Amino acid sequence: MTEFFASLRETLQAFLEAHQYKALAVLIGVEEAGVPLPLPGDLAIVFMGYQVSLGRANPFWVVASTIVSATAGASVLYWIARYLGGRIVDRFGRFIRLDAERLEQVERWFERYGAPVIIIGRLIPGLRIAVAVASGVVHVPFWKFVLYTSISAAIWAGIYMGIGWALGAQYQKVSEAVHRITGDPILVSGIVAAVAVLVGLVVYWRVRRRRSRQSRSET
């Protein structure tokens with residue numbers, strides 16, 4: 001079974017490399033609609049960032065494809081959850097890695113912080129599906145859901161594309177190492193998220209250091 005999923009993941013990556021933006025839109029749209037894939041959307045975007053570093057892809061279209069497909073796929077799940085309510089969790093929760101406890105957690109966030117929690121919640125690995133379902137269950141106004149989901153998708157795309165671009169030639173080695181460590185998409189996404197934080201801290205440190213040098217030179 002493990003070999004089958006590894007083979008399927010390689011096939012999806014080849015599909016992504018061959019068709020780029022269209023393939024990215026299909027993969028993310030399907031995943032956001034609640035269908036788990038061996039190649040998580042996080043890693044698909046990282047791969048496209050790697051393609052950007054090679055000059056084979058345009059960063060604008062990577063981000064645009066992610067925003068449109070993520071919002072469309074999540075909207076499908078939103079309306080399903082809006083009409084079926086908690087029954088979607090009871091019947092299909094185990095297939096989309098969503099249980100009642102996680103759904104209740106997201107609902108509490110809505111009660112405390114309001115609809116903008118969609119932006120942050122959808123950036124947390126393993127919670128994007130829960131946020132979409134919870135939004136439908138608690139009847140968040142659809143226009144708000146679309147707006148905040150689009151904003152979150154833009155941030156998501158920028159972060160993970162940046163990781164792929166920053167890795168550059170090291171992408172293949174890192175990707176192979178991650179796949180050897182685990183086949184769990186959520187854990188893989190968590191690892192990628194940790195790398196994203198690390199890359200962000202490094203970039204922040206370098207920018208701050210450069211500004212400090214410029215300030216000293218001016219004085």
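Scroll up for the structure.
Thresholds, definitions, all that
- Residues numbered from 1 in each chain as written.
- Predicted model: local features only at pLDDT ≥ 70, side-chain atom pairs only at ≥ 80, totals over all residues.
- Heavy atoms only, no water.
- Helix = DSSP H or I, 4+ residues; strand = E, 2+ residues; numbered from the N terminus.
- Buried < 20%, exposed > 50% of the residue type's maximum accessible area, 1.4 Å probe, protein only.
- Contact = heavy atoms within 4.5 Å.
- Expected span 1.5 Å × (residues − 1).
- Phe/Tyr/Trp six-rings, centres within 6.5 Å; stacked < 30°, edge-to-face > 60°.
- Lys NZ or Arg CZ within 6 Å of the ring centre and 35° of its normal.

Novice: Help me understand the overall build of the chain, please; the structure alone is not making it clear to me.
Specialist: Counting its secondary structure elements, the chain contains 11 helices and 0 strands. Seen in sequence order, the chain has helices and strands lined up from the N terminus as α-α-α-α-α-α-α-α-α-α-α. Residues classed as buried in the chain amount to 42% of the 219 residues present. Counted over contacts in the chain with a minimum sequence separation of 6, partners at least 24 positions apart contribute 78%.

Novice: I keep staring at helix α3 (residues 41–53) and nothing clicks. Help me out?
Specialist: Every α-helix carries 3.6 residues per turn, so stepping three or four residues along brings you back to the same face. With 13 residues, α3 should reach 18 Å at 1.5 Å per residue; the first-to-last C-alpha distance of 19 Å fits that figure. Taken across its 13 residues, α3 has 12 buried, putting it largely inside the fold. Among the residues of α3, those classed as buried are G41, D42, L43, A44, I45, V46, F47, M48, G49, Y50, Q51 and V52. Trailing α3 by a residue or two, G55 shows a phi angle of about 80°, which is positive.

Novice: Would you mind showing me how to read the packing of aromatic side chains here?
Specialist: Two measures describe an aromatic ring pair: the distance that separates the ring centres and the angle between the ring planes. Applying the stated rule across the entire model yields 8 aromatic pairs. Aromatic pair F60 and W61: ring centres 5.0 Å apart, planes at 80°, arrangement edge-to-face. Owing to a relative accessible area of 45%, W61 belongs among the partly exposed residues under this scheme. Relative to F145, the ring of Y78 lies with its centre 4.8 Å away and its plane at 25°, an arrangement referred to as stacked. Taken together, the residues Y78 in helix α4 (residues 59–84) and F145 in helix α9 (residues 142–167) connect sequence positions 67 residues apart. An identical accessibility class is assigned to Y78 and F145; each is buried. The ring of W156 carries the charged tip of R128 above its face, separated from the ring centre by 4.1 Å.

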